[in-house]
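Architecture at a glance
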Amino acid sequence: MEEKKLDINSIIGFVLIFGILLYIMYQNQPTPEELEAQKKAEQEQVEAQAQSKKQEETLIAQPETFGNTKELDSAGQAALQQKVGSFAYALSIGADQKEYTTVNTEVFELKFNTKGGHLKEVKLKNFVDYDSVPIYLVKNDNSVFNITFGTTDNRILNTKDFPFEPSVTTNNGNTVVSMKLKISPSEFLEYRYELKPDDYMIDFSIRSQGLSGVFNSSQPITLDWQMKGLRHAKSISYENRYTRLTYMYDDGKVDKLAQMSDDDEVEEDVEWLSYRQHFFSSILVANDQPFKKAELTSLDLVEDEEVDTLYTKLYTSKISLEFSGGELNKNLGLYYGPTDSKILKTYDKNLEESIPFGWGIFGWINKALFIPLFGWLSSIFPYGIAIIVMTIMVKILLSFVQYKQFLSQAKMKILKPELDAIRAKYKDNKLKAQQETMALQSKAGASPLSGCLPGLMQIPVFYALFMFFPTAFDLRQKSFLWADDLSSYDSIFELPFNIPFYGDHVSLFPILAAIAIFFYMKMTTGQQMAAQQPAQEGMPDMSKMMKYMIYFSPLLMLVFFNNYASGLSLYYFISNLISIGIMLVIKNYIIDEDKVLAKIEVNKKKPKKENRFQRKMKEMMEQAEQQKQAQQKRKKK
């Protein structure tokens, strides 16, 4: 009964409270006069919001259209001032400016964007792409150049949002383009470009005047340079392989971001950074002091060459700038031009290090030998003939290596019967057989290493030339026989489909090179297998591996080089033809196996002094033999 009574009391209490609330709401409802006043206030608020939105739209449109802000009413001017502070002046004078300013030199046609003050287009007059279209390094908004800075009235602004006032003058025969972002007639941020006749390097400076009280020096000021590499070659995948962000930092060190994947890096004391697009580069140089800090990124834009046909990589650099007395004053260089070592060397900034000549000794061989040699030969002969002549010179220089290899193989072939007899005699004692084999080879002067070591000498030359031909700017768009461009693939037949790893065309020079490699390897491996010892227990059968290589190497050449520079395939074709010729001459006219055998017999009779290495090896083998015998005795017990 008490619980039921409690429930009834609770219900009654809720009803009373609800009634009290209704009464209060009734008493507080607005009178007709108050409703009218409220309606009027809401209407005024809507009108005020509409006016504010209109002013905001006007303000936002100004950086894009450079509309005549002088004609804004006082409310518009006030809104503009509230939006960008002191830089409202720049918007007000940007009324009747053209969208861009065009300047021509012997090598450039440049368009400077009055919005943002930087280059809208960079056209190189002396070059065209694979389709005879002029080479553009900057076009269709593929590049962004922006400075982000803070102001003393707590704003974060970007130069790309504001109009710059252009002027074009001359200075001692040079063309000077000044782009000024003004806050008053005498206070401004200036991009100054000085273009010299017939020069790809632009003297570029960023400076401010009278902005020390506007810049907030306690906030970072950042230069943001972004660029998407425009395609210029027949094969975008091949071009992308040699498109890379390279930079010099820390007093002469050179490094690169990843070649075929996304990558990023943060470096200090950066002296220059290069956005290389294979045969053309866009380079920013710190002429006075290195950039204190730079955040660099590279994004690979070629996932499928059938779909991704316009751009290769997206490069971005966020560079920290520094104030000097509250102002900006940075002297830079902007290079837009060919990735040509001869041109880049003239600036004495080590810019040629942005070209991938190869690391270490390989790069040294290219820079010290092949680049000057080919430059000299190409000044005398057509480029295709120059490649052939250089190949002949290289093969003659390395012919002694081929001679040493063949001589070693001939000695091993002559010794094979004796070596087989040793293996038969000690068939139950592999270690003893190996000791006797080494002793015979040492006495006869026929160590297998004597053929391998000279061959290793060819590797630096092989790799150096592998790096030289794809980066040789002089070969670009130079024809030879059926190849219309020695820096790109030679196509004799276009396929109606794309074969993975091979492409959508058939190149002839790789086919010829593959055939030459097949016959050369057939000859050399035949000689090697004739002298080859049977495979030892636990060791790979080298004769089988050689047989596989006879077919694998030409196949690799045929597939992998189908998209490579035809100049490189021409080199390998001629190189292997010459190697076959040299081998035939050595075999038939230089090496006499009877004389070699007689010399071996003489060497056998001579007392052979063991060197330190041979003594050490002999001691190790004897110790191993003793341990083996001891193990066998323990097993018998």
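Summarised in this report is the structure supplied together with it. Everything numeric here is computed off the predicted structure, so don't read it as measured data. (Residues numbered from 1 in each chain as written. Predicted model: local features only at pLDDT ≥ 70, side-chain atom pairs only at ≥ 80, totals over all residues. Heavy atoms only, no water.)

**Remarks on a negative patch on the surface**
Rules: Patch rule: a residue counts if its relative accessible area is over 30% and it has no salt bridge; like charges are joined within 9 Å, and nonpolar side chains (Val, Leu, Ile, Met, Phe, Trp, Tyr) within 5 Å. What sets the accessible areas is the Shrake-Rupley method with a 1.4 Å probe; for residues, cover comes only from the shown protein chains. The rule for a salt bridge is simple: a side-chain nitrogen of Lys or Arg has to be within 4 Å of a carboxyl oxygen of Asp or Glu. Positive charges are assigned to Lys and Arg, negative charges to Asp and Glu, while His and the chain termini are left out of the count. All charge positions are set by atom: Lys at NZ, Arg at CZ, Asp at CG, Glu at CD. What counts as a helix is a DSSP run of H or I of at least four residues, what counts as a strand is a run of E of at least two, and both are numbered from the N terminus.
A grouping of D262, E303, D304, E305 and E306 is seen on the molecular surface, where their side chains present a negatively charged patch. Within the secondary structure, D304 is located in the loop between β16 (291–300) and β17 (311–321).

**Digging into the pairing of strand β14 (residues 263–277)**
To be explicit about the condition: DSSP calls a pair of strands paired once it identifies at least 2 bridges connecting them.
As judged from the 7 bridges shared by strand β12 (residues 243–249) and β14, these two strands associate in the antiparallel manner. Paired with Y247 across the bridge in β14 is L273. Note that β14 and β16 share 7 bridges and pair antiparallel. The residue bridging D263 from the neighbouring strand is S298, located in β16. Of the strand pairs in this sheet, β14 and strand β15 (residues 280–286) are connected by 6 bridges, and their pairing is antiparallel. Note on β15: the bridge partner recorded for Q277 is F280. Adjacent in sequence and paired antiparallel, β14 and β15 are bridged by 2 residues, among which H278 carries a positive phi angle near 55°.

**What about the packing of aromatic side chains?**
Which entries qualify depends on this criterion: When the centres of two rings from Phe, Tyr and Trp lie within 6.5 Å, Trp using its six-membered ring, the rings pair. Their planes under 30 degrees apart give stacked, over 60 give edge-to-face, and anything left gives tilted. Accessibility here uses a 1.4 Å probe with only protein chains present; expressed as a share of the type maximum, an area under 20% marks a residue as buried, one over 50% as exposed, and anything in between as partly exposed. We call a charge positioned above a ring when the Lys NZ or Arg CZ atom is no farther than 6 Å from the ring centre and deviates by at most 35 degrees from the ring normal.
On inspection of all chains with the given rule, the structure shows 40 aromatic pairs. Each ring, one from F164 and one from Y191, has its centre 5.1 Å from the other, and the planes form 25°; the classification is stacked. Highlighted residues: F164 in the loop between β6 (156–158) and β7 (165–171) and Y191 in strand β9 (residues 187–195), separated in sequence by 27 residues. Between F280 and F473 the ring centres are 5.9 Å apart and the planes differ by 90°, which places this aromatic pair in the edge-to-face class. With a gap of 193 residues between them, F280 in strand β15 and F473 in the loop between α12 (458–471) and β19 (493–499) connect regions that are remote in the sequence. F473 carries the same exposure label as F280, and that label is buried. The residue whose ring lies beneath K478 is Y383, and the NZ or CZ to ring-centre distance is 5.1 Å.

**Things to note about the environment of W482**
Convention followed: Any two residues having at least one pair of non-hydrogen atoms within 4.5 Å are treated as being in contact.
As for its placement among the helices and strands, W482 is situated in the loop between α12 and β19. On a C-alpha basis, the gap between W482 and F509 in space is 9.5 Å, while along the polypeptide they are 27 residues apart. Beyond its immediate chain neighbours, meaning those up to four positions away, W482 contacts D490, I492, L508, F509 and L512.

**Quick word on the pattern of salt bridges**
Using the criterion set out here, one finds 15 salt bridges in the structure. In this structure, R192 and E194 form a salt bridge, with 3.0 Å as the shortest nitrogen-oxygen distance. According to the relative accessible area criterion, E194 is buried, its value standing at 11%. By sharing partners, the salt bridges in this structure join D340, K342 and D474 into a single network.

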